[in-house]
Each structure stands twice: as structure tokens, then as C-alpha cells.
Amino acid sequence: MICPNCNNAVILSHVTSTTEIETGETTTHYYYTCLDPRCPSYLKVINGSEEGKEAEIREKKES
Ligand SMILES: [Zn+2]
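What comes next is a walk through the structure. Bear in mind that the values here come from a model prediction, so they are computed numbers and not experimental data.

Attention now goes to the overall build of the chain. Regarding its fold elements, the chain presents zero helices and four strands. The 63 residues of the chain split such that 22% are buried. Counting only contacts in the chain whose residues sit at least 6 apart along the sequence, the fraction spanning at least 24 positions is 23%. Split by element, the accessible area of the chain, about 4800 Å² in all, is 47% carbon and sulfur.

Written as C-alpha cells, this is what we have:
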């Protein structure tokens, strides 16, 4: 997995899986985080199953 913002390798942060009750199908989601302090995605979670989409859950932004 490569960071969509800085093209460096990212590390696996955590994995979740959801199971569809009707079909019994399990979907696994991999979440990665970037460790480059200069990167806009630094310590943000990058959703590996939807490329380029990221969810900011760790970092508090003060505006
Ligand atoms: Zn990055």
C-alpha cells in the first residue's frame, strides 16, 4: 500500500471486518497510516479498500 499523497509506503494501522447478515458475506477493510511528518496524511487513517479516501480520526485540527 502506497500513500496517495506522498507515494511512500504506509503501515497497516488496523483491520475491521463487517458481515452482511443477509448474504453471510464478510468484507474486510484495511486501514493504513502514513508516517511521513511532511505528508498531509501523516497519522491519518487511509482506507485501503477505497483508494485515496481517508478518514481523519486521530488528529485534532484547530482552525
Ligand atoms: Zn503520505
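Below, the discussion takes up the coordination of the zinc ion. Bound to the zinc ion on the protein side are Cys3 (SG), Cys6 (SG), Cys34 (SG) and Cys39 (SG), at distances that span 2.2 to 2.3 Å. With four donor atoms in place around the zinc ion and angles of 104 to 117° between them, the coordination shape is tetrahedral. Sequence spacing among the residues donating to the zinc ion works out to C-x2-C-x27-C-x4-C.

It is worth spelling out the pairing of strand E2 (residues 26-33) at this point. Bridge count between strand E1 (residues 11-19) and E2: eight bridges; the pairing is antiparallel. Bridge pairing links His14 to Tyr31 in E2. Taking the residues that link successive antiparallel strands as the turn, the E1-E2 hairpin has six residues, and the phi of Gly24 there is positive, at about 75°. Bridging between E2 and strand E3 (residues 45-47) involves three bridges; their strand directions are antiparallel. Opposite Thr33, over in E3, you have Val45 as the bridge partner.

This part is about the nonpolar core. Listed in full, the six residues of the largest apolar core are Cys3, Val10, Tyr32, Cys34, Cys39 and Ile46. Excluding residues that lie within four positions of it along the chain, Cys34 makes contacts with Cys3, Cys6, Val10, Cys39, Ser41, Tyr42, Leu43, Lys44 and Ile46.

Among the structural elements, Thr33 can be located in strand E2. The class of Thr33 is buried, set by a relative accessible area of 2%. A polar contact of 2.9 Å, which involves the side chain of Thr33, links it to the backbone oxygen of Lys44.

So, about the environment of Ser17. By secondary structure assignment, the location of Ser17 is in strand E1. As a C-alpha pair, Ser17 and Thr28 span 11 residues in sequence and 4.2 Å in three-dimensional space.

Conventions and cut-offs
- Residues numbered from 1 in each chain as written.
- Predicted model: local features only at pLDDT ≥ 70, side-chain atom pairs only at ≥ 80, totals over all residues.
- Heavy atoms only, no water.
- Helix = DSSP H or I, 4+ residues; strand = E, 2+ residues; numbered from the N terminus.
- Buried < 20%, exposed > 50% of the residue type's maximum accessible area, 1.4 Å probe, protein only.
- Contact = heavy atoms within 4.5 Å.
- Areas by Shrake-Rupley, 256 points an atom, 1.4 Å probe, with all protein chains shown as cover.
- Donors = N, O, S within 2.8 Å, 3.2 Å for Na, K, Ca; no water.
- Tetrahedral: all angles 85-135°; square planar, octahedral: opposite > 155°, others 65-115°.
- Pairing = 2+ DSSP bridges.
- Core = buried A, V, L, I, M, F, W, Y, C linked by side-chain atoms within 4.5 Å.
- Polar contact = N/O pair within 3.5 Å; in protein donor to acceptor, adjacent residues only side chain to side chain.

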